[in-house]
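# Chain and residue survey
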Amino acid sequence: MKRCVVLALAMLLAVGMVTGCGGAKQPQRLRVAALLPGNITDQGWNFTAYNGLKRIEKELGAEVTWMEKVPPSDFEEVYRRYAQQGYHVIFGHGFQFGDPARKVAKDFPKTWFVVTSTTISQAPNVASLIPNAFQQGMLAGTITGLLSEKKVVGFVGGLQIPSIVNFAKWWEAGVKYIDPNIKILSAFTGSFYDAAKAKEQALAFINQGADIVIHNADQAGLGVIEACKERNIKTIGAIADQAHLAPEVIVNSVQADLTLAFEVIARKVMDKTIEAKHYNMGINDGPVALSGWKTWDSKIPQAVKDRMNQIVADLKSGKLTEATLPK
Amino acid sequence: MIDWTVQVTEFLAASVRLGTPVLICALGLIFMERSGMVNIGAEGMMLVGCLAAVTASYLTGNPWLGALVAMACSGLVALLFAYLTITVKANQVVIGAAINLLGLGLTTTLFRSIFGIDVALPKIGTFGHWTIPYLVDLPIIGPALFKHGPLVYLGFILVPISHYILFQTTIGLKVRAVGEHPRAADTVGINVFKVRYATTIAGGILAGLAGAHLAIGMLSFFTEDMVAGRGFIALAAVIFGKWTPFGALGAALFFGAAEGIMFRGQAVYPGVPSQLLLMLPYVLTVAAIAGLVGRATPPAAAGNPYAKE
């Protein structure tokens, strides 16, 4: 009897291993898998990948599956498992998935490996996809610079990984593009999960006079939004359109929305037009965009709106690039 | 340009805010360890408390009910822990690790089935600030110590209460006896199993309260894995504080202050590599345990299941 109870409890504990997965079995359809570094509920980086997969499922009738919070030690193993199961394309959602993809790809030449947030490629079957960090940073930075009245602004990042570091770098450049005298506070909390930590970091910046604090820390970024709500400080949504999370403080969102990019790549795999190269998706391709001023529309001065329209136009026309940015 | 009084006040306030979840959880762990129960699963119990608090507060709009439900749910998880380690006599560390996995998996699954994936974060009832009149007007320490959420005050009030129970009452004596020498305690008629069940459930209830403070006191939402290691820091705070409530208070505040310095350091000294500052709380904790506190001796029977002969 006791043994039965113990067994039942052990099975209950096994529930702890449950992670998200989706999709149904049906041959002949396009089959898409993805390795995600975090939770699909983060309202940011992983959330857009989830939306991308759902979009592929709906638009292309594909079978999709994914695994969340894949630990680095398992990257190769998970890649191999999906490849062996015959998935046509496997997305690795983050630069860290690049090296294992290149390694595993050699053994599975019929499977496409697409890594996001990096510039790698390897013939015949590894491609990469990156939302343009320069354009994201410039959009966020120029809005920050234009809306700061006290001339002190803050940025809270998660881990110091290339996509976040590059974003921070170009955000600073964007702020300075508007006004080189603005004081820039910038910090990394070292976590994409710890929202309490990100909130405290944002509060520390606000106490030092920042009147606009932005974030790029996935799930932890919600803590920054929370701090801004508490102190009534302006902020900008990152990666996805986040206005609905706190319309009273989120003036606009700088999207790096790969939802559409995922579909574009999946379509290329289906048409067999995909190449083993690096796809840079910017403001002209859709993923990088401003979500719009929404409820802030009437509160934002016309001059700021005009200036932002001009910057968006310059980014689109190629007038404003890393090369043409004034030093 | 920078107003230093404001900076110091804010730094102290942040230390208190950041230290409180660790403190509340550590108080529960002290009772457990004093009775011979080592609970690695505090992290998972806190996480269950976080989700329970958010869910109950969302459904009722009342943060106090949220905190109560959080305490009840984490208490239930602790009951499971107690059954497996005390009655079935499974290894406490193994079950503790399993409880962490259970907490993470269970909260992730339940959170998604209750709130969904696509929807915005729900509006929930949260604890506001309670300003203590008169005391708050004190310079610097007033706004730093007397303008917090109610659970912060509760956490601080629990420190002398825990101390009193543990060292001045018969209950405390029984708890300590069971943790030092369960056989001797048994021979004088103390029910070792009952005492350990009670402390474990109390530990779970306090872990739940700590989780509630994190989710609806400090923040106003649930995110997966939001406890982010604070359960383990609480374990360290117990050792750091030499298994005493006041010691744990010092340790929790110390850790909060180290984090507070980290947040401000990154802003004030942008040239310093952020990794160095991120290390700071952990380096200080290690240094403090190694140097300041000296030898820490755990209760003799900690971690050992008890079997009647």
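Everything quoted here is computed from the prediction, not taken from an experiment.

Cut-offs used in this document
Residues numbered from 1 in each chain as written. Chains lettered and ligands numbered in written order. Predicted model: local features only at pLDDT ≥ 70, side-chain atom pairs only at ≥ 80, totals over all residues. Helix = DSSP H or I, 4+ residues; strand = E, 2+ residues; numbered from the N terminus. Rg over C-alpha atoms; globule rule 2.2 N^0.38 Å. Buried ≥ 20, exposed ≤ 12 C-beta atoms within 10 Å, placed from the backbone. Contact = placed C-beta atoms within 7 Å. Pairing = 2+ DSSP bridges. Axes fitted to C-alpha atoms, helices over the stretch in contact; angles between N-to-C directions. Parallel < 35°, antiparallel > 145°, perpendicular 65-115°, else oblique. Left-handed = near helix turned anticlockwise from the far one by under 90°. Nonpolar A, V, L, I, M, F, W, Y, C, P; charged D, E, K, R; others polar. Core = buried A, V, L, I, M, F, W, Y, C linked by C-beta atoms within 7 Å. pLDDT = per-residue confidence, 0-100. Expected span 1.5 Å × (residues − 1).

### A look at the overall build of chain B
- When you go through chain B residue by residue, the secondary structure sums to 12 helices and 2 strands.
- Its helices and strands in sequence order give chain B the pattern α-α-α-α-β-α-β-α-α-α-α-α-α-α, from N to C terminus.
- Radius of gyration (C-alpha) of chain B: 20 Å, near the 19 Å computed for a compact globule of 309 residues.
- When the backbone C-alpha atoms are referred to their principal axes, chain B occupies close to 70 × 50 × 40 Å.
- Within chain B, the proportion of its 309 residues that are buried is 54%.
- For chain B, the proportion of contacts with a sequence separation of at least 24, taken over those separated by at least 6, is 77%.

### Quick word on the interface of chain B and chain A
- Between chain B and chain A, the residue contacts involve 37 residues of the former and 36 residues of the latter.
- For the side of chain B that touches chain A, the element with the most residues is helix α4 (residues 92-115) of chain B, which contributes 8 residues.

### Considerations on unusual backbone geometry
Residue and element names in this part refer to chain A.
- Following Ala123, the chain continues into Pro124 via a peptide bond in cis, with omega recorded as 0°.
- Here Pro124 shows up in the loop between β4 (112-116) and β5 (126-131).
- Look at Asn232: it is not a glycine, yet its phi comes out positive at around 55°.
- Its place among the elements puts Asn232 in the loop between α8 (221-231) and β9 (235-239).

### Comments concerning the sheet that holds β5 of chain A
Residues and elements named next belong to chain A.
- Strand order in the open sheet formed by 6 strands is β2-β1-β3-β4-β5-β11, and the pairing between neighbours is parallel. Edge positions in the sheet fall to β2 (63-67) and β11 (278-281), since each has one partner strand and no second. Neighbour-to-neighbour, the strand axes of this sheet turn through a mean angle of 20°, independent of strand direction.
- Bridging between strand β3 (residues 89-92) and β4 involves 4 bridges; their strand directions are parallel. Each bridged residue has a counterpart across the sheet, and for Phe91 the counterpart in β4 is Val114.
- Set on the sheet, helix α4 (residues 98-105) makes contact with β3, β4 and β5; between it and β4 the angle comes to about 170°.

### Some details on the sheet that holds strand β10 (residues 250-256) of chain A
Residue and element names in this part refer to chain A.
- Pairing within the open sheet is mixed, and its 3 strands lie in the order β9-β10-β12. Looking at strand neighbours, the two that pair on one side only are β9 and β12 (288-290), the edges of this open sheet. With direction set aside, neighbouring strand axes in the sheet form an average angle of 15°.
- As paired strands, β10 and β12 are joined by 3 bridges and run antiparallel to one another. Looking at the pairing, Gln255 lines up with Ala289 of β12.
- Packing against the sheet, helix α5 (residues 133-147) makes contact with β9, β10 and β12, and its axis sits at approximately 170° to β10.

### A word on the packing of helix α1 (residues 4-34) of chain B against helix α6 (residues 150-168) of chain B
Residues and elements named next belong to chain B.
- One can describe the packing of α1 onto α6 by two numbers: an axis separation of 9 Å at closest approach and a directional angle of 25°. Compared by their axis directions, α1 and α6 come out roughly parallel. For the pair α1 and α6, the crossing hand works out as left-handed. Facing Val16, Thr20, Leu23, Ile24, Leu27, Ile30 and Arg34 of α1, the residues of α6 in contact are Leu151, Val152, Gly155, Leu158, Ser162 and Leu166.
- For the contact of α1 with α6, the class distribution of residues is 9 nonpolar, 3 polar and 1 charged.

### As for the nonpolar core
- Within the largest apolar cluster, 200 residues are counted, with the highest numbers of intra-cluster contacts made by Cys25, Ala26, Cys50, Ala53 and Ala237 of chain B.
- Dropping the residues within four chain positions of it, Ala53 of chain B is found in contact with Gly66, Ala67, Val69, Ala70, Gly211, Ala212, Ala215 and Ile216 of chain B.

### Quick notes on the confidence of the model for chain A
- Confidence in the prediction of chain A, expressed as mean pLDDT, is 89, and 91% of residues score 70 or more.
- Every residue in residues 16-27 of chain A is under pLDDT 50, and counting partners more than four places away or in other chains gives 25 contacts.

### Notes on helix α9 (residues 192-218) of chain B
- Along its 27 residues, α9 of chain B runs 37 Å from first to last C-alpha, staying within 8% of the 39 Å computed at 1.5 Å per residue.
- Buried residues dominate α9 of chain B, accounting for 23 of its 27 residues.

### Topic: the packing of helix α2 (residues 42-60) of chain B against helix α10 (residues 230-240) of chain B
Residues and elements named next belong to chain B.
- Viewed as axis vectors pointing N to C, α2 and α10 meet at an angle of 130°, and their least axial separation amounts to 7 Å. Looking at the two axes, α2 sits oblique to α10. Crossing angle aside, the handedness with which α2 passes α10 is right-handed. Packed against α2, whose contacting residues are Ala42, Glu43 and Met46, the element α10 presents Arg230, Gly231, Phe232, Ala234 and Leu235 at the interface.
- Looking at the contact of α2 with α10 residue by residue, the class counts come to 5 nonpolar, 1 polar and 2 charged.

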